[in-house]
Amino acid sequence: MSPPIFTILLSSLATGTIITMTSHHWLMAWIGLEMNTLAIIPIMSTTHNPRATEAATKYFLTQASASAMILFSSMINAWQTGTWDITNLSSEPAHILLTVALAMKLGLVPMHFWLPEVLQGSTMTTALIIITWQKLAPMALIYLNINNLSTTVLILLGLLSSIIGGWGGLNQTQTRKIMAFSSIAHLGWMITVSSIMTNIMIMNLMIYLIMSTALFCSLILSKSKTIQDTTVAWTLSPTLTSTMMILLLSLGGLPPLTGFMPKWLILEELIIQNLIPTATTLAMSTLLSLFFYLRLAYTTTLTLSPNTVQTKFKWRLKLKPMAFFMAPLSTISILLLPLTPLMLL
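We now turn to the structure provided with this report. This one's a predicted model, so the numbers in the text were calculated from it and none came from an experiment.

Focus: the layout of surface pockets
Space inside the second largest pocket adds up to approximately 370 Å³. Around the second largest pocket, the lining comprises 14 residues; the ones closest to its centre are Phe6, Leu10, Thr125, Thr126 and Ile129. Elements with a contribution of two residues or more to the lining of the second largest pocket: helix H1 (3-22) and helix H6 (124-131). Counted by class, the lining of the second largest pocket contains 10 nonpolar, 4 polar and no charged residues.

Some points on empty space enclosed by the protein
In the structure shown here, the tally under the stated rule is 5 cavities of 30 Å³ or more. When its volume is computed, the largest cavity comes out at roughly 100 Å³. Around the largest cavity, the lining residues are Leu33, Asn36, Thr37, Tyr59, Gln63, Lys105, Trp114, Ile130, Gln134, Lys135, Ala137 and Pro138. In terms of residues, the lining of the largest cavity owes the most to one element, helix H2 (residues 26-44), which gives 3 residues. Among the residues making up the lining of the largest cavity, the classes are represented as 6 nonpolar, 4 polar and 2 charged. Lining the second largest cavity, in full, are Ala185, His186, Trp189, Leu251, Gly252, Lys263, Thr286, Ser289 and Tyr293. Counting residues per element, the ones that place at least two in the lining of the second largest cavity are helix H9 (175-194), helix H12 (238-252) and helix H14 (276-302). Residues belonging to the lining of the second largest cavity are distributed by class as follows: 4 nonpolar, 4 polar and 1 charged.

A closer look at helix H8 (residues 151-168)
End to end, H8 covers 25 Å across 18 residues, agreeing with the expected 26 Å (1.5 Å per residue, within 8%). In this structure, the buried side of H8 is in contact with helix H4 (92-106), H9 and H14.

About the criteria used
Residues numbered from 1 in each chain as written. Predicted model: local features only at pLDDT ≥ 70, side-chain atom pairs only at ≥ 80, totals over all residues. Heavy atoms only, no water. 1 Å grid on protein atoms, 1.4 Å probe; cavity = no way out; pocket = protein on both sides within 12 Å on 5 of 7 lines; lining within 4 Å. Points joined across faces, edges and corners; volume = space filled by probe spheres on them. Helix = DSSP H or I, 4+ residues; strand = E, 2+ residues; numbered from the N terminus. Nonpolar A, V, L, I, M, F, W, Y, C, P; charged D, E, K, R; others polar. Expected span 1.5 Å × (residues − 1). Contact = heavy atoms within 4.5 Å.

Dropping the structure here:
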């Protein structure tokens, strides 16, 4: 793809999300979502292989269906109340349609089946865009409508997502599918706390975006598409493999690292609200996710695969662009826990 076309597509992608996040009218929000979807389809299809075409088709059908449902819910609301204001969604059928549509857009259980398949068919960079940037617009709509959506349904969706996200990733060998199930589990945590405390949801989303971007940068640098590929990542850079291990443990939510902060605050808030069974289920589901993060960390750092070549390290002739992002993102993903009191202000 030529640089000018790629620049136009990325600009459209960013513009679509920003339009949705800043709009007060349902039609403008819908236009933003459509721009966003139509901009990423050509980016997904650039590799010209059947898997990429299949992934782009699945993504388009899912997102178009979800956008249509959002449009239907806003039309029902406008028909019954006479307003197109986003924050004034008072019709019950509109609530149900909007919840289902946003769950489908985000890839929450039980509308999650498209996400692992789409990520597996995309390139690493496109997969990174799908599980980070593409989550912003639906999360903004959830934030704007949180007073109108059913708390019980959101908590149920969140619990199911965190359980299935952990369970589904257990038997995966492809790093992109593992990251897809990791995304489903993390979104489950965010949706669970969204109706209780929105500022924790936003903080969790920001930390998740930073940690996922940092890990994807290291996977792209080491060209690790499967678990087997991570066993030879040390030949590229031992420092990179150590960083990957700590990033994986941070994504798993282990205490001294940044990833522990949102989990700690969410569990604390659920206990304050007397939702003890919900908090317990969420904490138990994290163990499932932690297993596949630990497995990846083990193969990356603690195993030495048989080497046929004499030289131990690969040539590093030029610095990749991804390396520039890795230093600040990895630092934030690892060392942010002491700043928790500042985050709560």
